[in-house]
Amino acid sequence: DWWEGAFYLPYAVTGAGEFLSDGAKNRSMFVIPDAAKRSFFYGVNFELGYELPQFSLTSWNLEIRPIIGVRNAQWEFIVNPIVDVGFGFAGEADFAPAVRLARKLGEDRFIGLEYYADFGKIGDFLPLQQQSQQLFAVTDFKVHAVDVQLGVGYGFTPGSDGLVLKAIIGYAFPVPGKSD
């Protein structure tokens with residue numbers, strides 16, 4: 001009820017159709033018990049990742065993602081004041097906040113907006129033009145036991161990616177002895 005583990009194999013496809021792997025990530029998330037049933041919820045997510053040079057200046061990275069959220073029957077609002085830590089010679093701690101506002105359309109169906117930023121090194125933020133500032137329109141839903149999130153985003157600064165499409169496909173393996 002309060003812990004979730006995950007393993008990611010992130011990749012990207014360029015506008016030219018080139019497939020790029022971004023290594024792998026392990027996630028460990030801790031949240032208040034029964035967070036999905038609460039109107040106010042909180043937790044923290046840790047992601048340890050091995051990233052390739054086209055995506056990161058350091059091979060090993062740790063994302064520390066606090067989770068603070070409120071919800072009612074129709075809406076959810078989540079804030080993530082994220083700290084990204086790169087290990088090694090070029091490593092630094094960056095502030096990369098994220099915010100989500102979503103409208104519930106029914107059981108396991110949402111539409112919403114997600115904002116992602118990377119302000120740069122904590123204590124020495126990048127000039128606005130070099131920061132990443134992106135807004136996504138997203139939808140989340142389930143297809144049987146598979147979680148699907150689709151989104152289209154746009155960067156607002158020269159330091160951002162322009163048009164970005166995202167897809168996250170997930171499956172929660174059953175826990176022996178637990179029923180949903």
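Worth saying up front: this structure is predicted, and the values here are computed from it rather than measured.

Caption draft 1: Up close: the nonpolar core. Counting residues in each nonpolar core, the largest one holds six residues, listed as Met-29, Ile-32, Ala-35, Phe-41, Ile-67 and Ile-78. The contact partners of Ile-78, leaving out residues within four places of it in the chain, are Phe-41, Ile-67, Ile-68, Gly-69, Ala-98, Val-99 and Arg-100.

Caption draft 2: Structural view of the pairing of strand β8 (residues 83-87). As judged from the five bridges shared by strand β6 (residues 60-71) and β8, these two strands associate in the antiparallel manner. Bridge pairing in β8 links Leu-62 to Val-85. Here β8 runs beside strand β9 (residues 93-95); their pairing, made up of three bridges, is antiparallel. Across the sheet, residue Asp-84 finds its bridge partner in β9, namely Asp-94. The antiparallel hairpin formed by β8 and β9 contains five residues in its connecting segment, where Gly-88 sits at a positive phi of about 110°.

Caption draft 3: Geometry of a nonpolar patch on the surface. Residues Phe-40, Tyr-42, Ile-68, Val-70, Trp-75, Phe-77 and Leu-101 make up a contiguous nonpolar surface patch of about 640 Å² in total accessible area. Looking at the nonpolar patch, the elements that each hand over two or more residues are β5 (40-50), β6 and β7 (75-80). Tracing the backbone through its elements, the reader meets Ile-68 in strand β6.

Caption draft 4: Here's a closer look at the packing of aromatic side chains. Within this structure, the stated rule accounts for eleven aromatic pairs. Seen in terms of ring centroids, Phe-95 and Phe-125 are 6.2 Å apart; in terms of plane orientation they differ by 15°. Their pairing is stacked. Placement of the pair is Phe-95 in strand β9 and Phe-125 in the loop between β12 (120-121) and β13 (132-143), with a sequence separation of 30 residues. Overall, the relative accessible area of 42% leaves Phe-125 in the partly exposed class. Ring centres 5.6 Å apart and planes at 90° place the aromatic pair Tyr-116 and Phe-136 in the edge-to-face group.

Caption draft 5: Quick look at the pairing of β5. Taking every second residue as pointing to the same face, the buried face of β5 carries Phe-41, Gly-43, Asn-45, Glu-47 and Gly-49, while none of Phe-40, Tyr-42, Val-44, Phe-46, Leu-48 and Tyr-50 on the other face is buried. As defined by bridge partners, strand β4 (residues 24-31) adjoins β5 across eight bridges and the pair is classed as antiparallel. By the bridge assignment for β5, Lys-25 is matched with Gly-49. Pairing analysis gives eleven bridges linking β5 to β6, with the strands arranged antiparallel. Within the sheet, the bridge partner assigned to Phe-40 lies in β6 and is Val-70.

Caption draft 6: Local environment of the pattern of salt bridges. Inspection of the entire model under this criterion finds eight salt bridges. Close ionic contact of Glu-114 with Arg-100 constitutes a salt bridge, the shortest N to O distance being 2.7 Å. Placement of the pair is Glu-114 in strand β11 (residues 109-118) and Arg-100 in strand β10 (residues 98-106), with a sequence separation of 14 residues. In terms of burial, Glu-114 and Arg-100 fall into one category: buried. With a closest N to O distance of 2.8 Å, Asp-140 and Arg-100 form a salt bridge. You can see Asp-140 sitting in strand β13 and its partner Arg-100 sitting in strand β10, a full 40 residues away along the chain. Judged by relative accessible area, Asp-140 falls into the buried class, the value being 16%. The exposure class of Arg-100 is buried, given its relative accessible area of 10%.

Here is what the cut-offs are and how they apply
- Residues numbered from 1 in each chain as written.
- Predicted model: local features only at pLDDT ≥ 70, side-chain atom pairs only at ≥ 80, totals over all residues.
- Heavy atoms only, no water.
- Core = buried A, V, L, I, M, F, W, Y, C linked by side-chain atoms within 4.5 Å.
- Buried < 20%, exposed > 50% of the residue type's maximum accessible area, 1.4 Å probe, protein only.
- Contact = heavy atoms within 4.5 Å.
- Pairing = 2+ DSSP bridges.
- Helix = DSSP H or I, 4+ residues; strand = E, 2+ residues; numbered from the N terminus.
- Patch = residues over 30% accessible without salt bridge, like charges linked within 9 Å, V, L, I, M, F, W, Y side chains within 5 Å.
- Areas by Shrake-Rupley, 256 points an atom, 1.4 Å probe, with all protein chains shown as cover.
- Salt bridge = Lys/Arg side-chain N within 4 Å of Asp/Glu carboxyl O.
- Phe/Tyr/Trp six-rings, centres within 6.5 Å; stacked < 30°, edge-to-face > 60°.

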